[in-house]
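# Fold and geometry: a report
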Amino acid sequence: MEKISSLITRQRRGEKPPISNKLEIMSLYLKILGLDEDINKLNIIHVAGTKGKGSTCIFCEAILRECGFRTGVFTSPHLIDVRERFRIDGIDISEDKFLQYFWDCWNRLEENTTEQLSMPPLFLFLTILAFKIFISEQVDAAIIEVGLGGKEDSTNVIKEPTVCGITSLGMDHTEILGDTLGQIASHKAGIFKVPLEVTEPFDCKQMKGLELGLSGDHQFYNAALAVSLSRCWLQRTGNWGKKYQKDSNLPDEFIRGLSTAHFSGRAQIVYDSSPNSDCSEILSKNCGGELIFYLDGAHSPESMETCAKWFSNAVKRYEISSHSSFEVENAEESLENGHFLHESKTLEQLEKSFRRILLFNCLDVRNPHILLPRLVNTCASSGIYFSRALFVPNMSKYSKVTSGASVISSDLHGIDLSWQFNLQRIWEKITHGKEMTTLLEKDFKIDNKEILPPHEFLYDDASSGCHSHNYLARSAVIPSLPLTIKWLRDCVRDHPSTRLQVLVTGSLHLVGDVLKLLKR
């Protein structure tokens with residue numbers, strides 16, 4: 001991890017990369033490793049786009065794996081462990097194999113560095129490593145996600161892909177790709193090596209009653225593209241006619257792949273069980289369910305709107321199912337006691353038990369003046385409102401690449417929370433229509449014993465339309481994510497009748513940090 005972290009360039013996030021001839025240099029690295037000829041034998045699906053390119057890659061991988069092929073997929077970023085970026089047959093590459101291929105690439109590149117050719121920057125190295133892994137593992141299909149843009153991305157060293165795909169476009173990385181959809185589209189289209197075809201909308205009836213493995217209505221667009229890419233891949237590799245030529249319906253293998261695909265941190269629901277609980281499986285619905293995390297790494301205006309729609313639908317579905325089970329339980333209890341509870345009373349009790357919390361952070365190159373209103377307004381249009389908002393810094397640092405064994409630092413010394421206080425001010429302006437005045441950043445002290453809000457912060461007047469006398473009690477800055485998770489768990493422990501629905505969004509790094517803490 002130290003070696004990989006040393007490849008991180010010192011440019012500020014959002015600045016144009018220092019390498020202007022990236023693809024030429026990429027070709028030199030591949031020649032040093034003897035991979036330049038073998039890349040063209042990989043039968044590559046190459047996917048670019050602003051939104052959904054990672055999900056589309058995951059769908060493609062799952063489909064082709066179900067069709068019986070050995071698959072490799074390269075996506076970014078990773079959430080917990082760098083090995084997540086390299087999947088073989090749907091599973092993160094093993095630590096032993098990762099180390100074997102890593103040191104082979106690292107040592108040979110280091111031996112061949114000169115004044116003119118230094119070690120590659122981080123993403124170039126990881127792309128090279130992906131090619132090394134997939135060639136060495138002799139995959140039948142390699143699914144490669146573009147890092148940034150397309151035309152000048154390091155993955156565009158691929159000269160003869162089997163098929164390319166472009167997912168939905170949106171306004172992201174505008175400082176590099178341009179500030180119009182046309183300019184952004186020209187970068188994405190830079191990976192084209194084949195004629196252009198627009199995919200047909202996805203027909204849910206083709207799933208034969210099953211649901212997509214990745215949640216959210218937006219995934220139907222990604223699934224449609226993945227189906228077209230997989231079908232084209234099978235046709236171009238001579239495998240379609242062998243099995244599917246006479247069948248106009250979606251093959252069963254495609255349905256199985258679409259329904260079993262899994263991608264952490266994208267519209268993911270985690271039912272938390274604290275370390276003190278007997279239940280160790282964080283994804284189980286039977287672990288109490290008092291603290292539920294809704295995780296989505298949305299960080300562009302379009303993806304934030306999509307995230308808000310998914311979250312709104314998800315909490316509504318959960319509350320409907322909770323209503324049903326609540327009424328059944330109370331009906332059984334009432335019959336045992338020889339009387340019936342009034343229906344409105346049971347529903348009123350249930351309504352009081354839900355609190356929706358926003359846990360948010362985004363990079364300072366993003367625009368929270370756009371992201372936060374898009375989130376709030378889209379949720380509100382579905383009748384979903386947040387009781388409270390928490391603003392926290394990420395644990396992960398952009399100067400360090402992590403593995404699953406990386407130590408989580410709890411040191412708060414010298415931490416800068418100015419960005420989080422800025423997010424809080426924007427939030428208060430959105431939700432109350434006035435500037436934050438009663439709590440200023442200068443009043444916050446890390447060594448203060450009141451660094452965490454009291455538990456009552458979550459529960460006082462949370463569901464009524466009235467504002468408390470101190471309207472700032474509706475949001476808080478907390479200096480540490482581990483502190484925040486512990487505090488939420490403590491709140492739920494002390495208020496067992498309450499269910500907290502926590503939306504974690506704004507950054508894939510934040511989502512990864514939360515997942516790491518929950519799995520610990």
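All values reported here derive from a predicted model rather than from experimental measurement.

On the basis of which strands lie adjacent, the open sheet formed by six strands has the order S7-S8-S12-S9-S10-S11 and mixed pairing. A single partner strand is all that each edge strand has here, and the edge strands are strand S7 (268–271) and strand S11 (475–477). Strand-to-strand, the axes of this sheet are offset by a mean angle of 20 degrees, without reference to chain direction. Where S7 meets strand S8 (residues 291–295), four bridges bridge the pair, whose relative direction is antiparallel. Along S8, the bridge assignment pairs valine 270 with phenylalanine 293. Lying over the sheet, helix H14 (residues 418–432) contacts strand S9 (354–360), strand S10 (388–391) and S11, oriented at roughly 170 degrees with respect to S11. Of the strands in this sheet, S7, S8, S9 and strand S12 (499–505) touch helix H17 (residues 508–519), which is tilted by about 145 degrees from S8.

What follows is about the nonpolar core. A general tendency of soluble globular proteins is for nonpolar side chains to be buried together. Counting 41 residues, the largest nonpolar core has Phe86, Phe125, Phe131 and Phe134 as its most contacted members. Looking at this core element by element, the count peaks at eleven residues for helix H5 (residues 122–136). The residues touching phenylalanine 134, leaving out its near neighbours within four places in the chain, are Leu42, Gly72, Val73, Phe74, Arg87, Ile88, Val139, Ala142 and Ile144. Core analysis: the next-biggest nonpolar cluster, separate from the first, contains 36 residues, Val47, Leu229, Trp240 and Ala261 among them.

Turning next to the sheet that holds strand S1 (residues 44–48). In spatial order, the strands read S4-S3-S2-S5-S1-S6; together these six strands make up an open sheet with mixed pairing. Both outer strands of the open sheet, strand S4 (91–92) and strand S6 (163–166), are each paired with one neighbouring strand and no more. Examined bridge by bridge, S1 and S6 share four bridges and lie parallel to one another. Residue pairing for S6: alanine 48 is matched across the bridge by isoleucine 166. Each of S1, strand S2 (71–74), strand S3 (86–88) and strand S5 (141–145) touches helix H3 (residues 53–66); the most contacted strand, S5, lies at about 170 degrees to it.

Let us look at the packing of helix H2 (residues 22–32) against H5. Where H2 contacts H5, the two axes come as close as 11 Å, and the packing angle between them is 45 degrees. When the axes of H2 and H5 are compared, the pair comes out oblique. Helix-helix and strand crossings are classified by hand; for H2 and H5 the assignment is right-handed. For the pair H2 and H5, contact is made by Lys22, Met26, Tyr29 and Leu30 and by Leu124, Thr127, Ile128 and Phe131, respectively. When grouped by side-chain class, the residues that make up the contact of H2 with H5 number six nonpolar, one polar and one charged.

The rules behind each value
Residues numbered from 1 in each chain as written. Predicted model: local features only at pLDDT ≥ 70, side-chain atom pairs only at ≥ 80, totals over all residues. Heavy atoms only, no water. Pairing = 2+ DSSP bridges. Helix = DSSP H or I, 4+ residues; strand = E, 2+ residues; numbered from the N terminus. Axes fitted to C-alpha atoms, helices over the stretch in contact; angles between N-to-C directions. Contact = heavy atoms within 4.5 Å. Core = buried A, V, L, I, M, F, W, Y, C linked by side-chain atoms within 4.5 Å. Buried < 20%, exposed > 50% of the residue type's maximum accessible area, 1.4 Å probe, protein only. Parallel < 35°, antiparallel > 145°, perpendicular 65-115°, else oblique. Left-handed = near helix turned anticlockwise from the far one by under 90°. Nonpolar A, V, L, I, M, F, W, Y, C, P; charged D, E, K, R; others polar.

Take it as geometry only, folks, not as evidence of what the structure does.
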